[in-house]
Amino acid sequence: MKQTKQQRTSKVVPFTGEFYPEIPETTPAGNNIAFFLVIVAAALIAGLSIGAISTYQSADQVQLRQMKAQSQQLEKVKNQVCR
């Protein structure tokens, strides 16, 4: 099996012609913190939306909306009859 050696690249600086080794770019540490904060924010939003959906669809809330609708219908009938 052949093993290839990784070649070091050099950069030529214009005007002087001197060779400097290229420094590999590293990712900044702040990038990891930003990613973590985005994940935490997404989890918070997902939790709030699940909580809102479950509250909206709870039996008490459904019954309350039905009672409001019936009250509005009763008010309409009352206004039509009492005219």
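In this text, all values refer to a predicted model and were calculated from it rather than measured experimentally.

Quick notes on the overall build of the protein
Logical step 1: Helix and strand content of the protein: 2 helices and 2 strands.
Logical step 2: Ordered by position in the sequence, the α and β elements of the protein form the string β-β-α-α.
Logical step 3: The buried share of the protein, reckoned over its 83 residues, is 0%.
Logical step 4: Here the protein has roughly 8,600 Å² of accessible surface; of this, 61% comes from carbon and sulfur atoms.

Some words on the packing of aromatic side chains
Logical step 1: Within this structure, the stated rule accounts for 0 aromatic pairs.
Logical step 2: A cation over an aromatic ring shows up here: R65 above the ring of Y56, its NZ or CZ 3.8 Å from the ring centre.

Focus: the confidence of the model for the protein
Logical step 1: Of all residues in the protein, 71% attain a pLDDT of 70 or more, and the chain-wide mean is 82.
Logical step 2: Across the protein, the secondary-structure element scoring lowest on mean pLDDT is strand β1 (residues 10–12), at 60, and the one scoring highest is helix α2 (residues 59–82), at 93.

Criteria and cut-off values
Residues numbered from 1 in each chain as written. Predicted model: local features only at pLDDT ≥ 70, side-chain atom pairs only at ≥ 80, totals over all residues. Heavy atoms only, no water. Helix = DSSP H or I, 4+ residues; strand = E, 2+ residues; numbered from the N terminus. Buried < 20%, exposed > 50% of the residue type's maximum accessible area, 1.4 Å probe, protein only. Areas by Shrake-Rupley, 256 points an atom, 1.4 Å probe, with all protein chains shown as cover. Phe/Tyr/Trp six-rings, centres within 6.5 Å; stacked < 30°, edge-to-face > 60°. Lys NZ or Arg CZ within 6 Å of the ring centre and 35° of its normal. pLDDT = per-residue confidence, 0-100.

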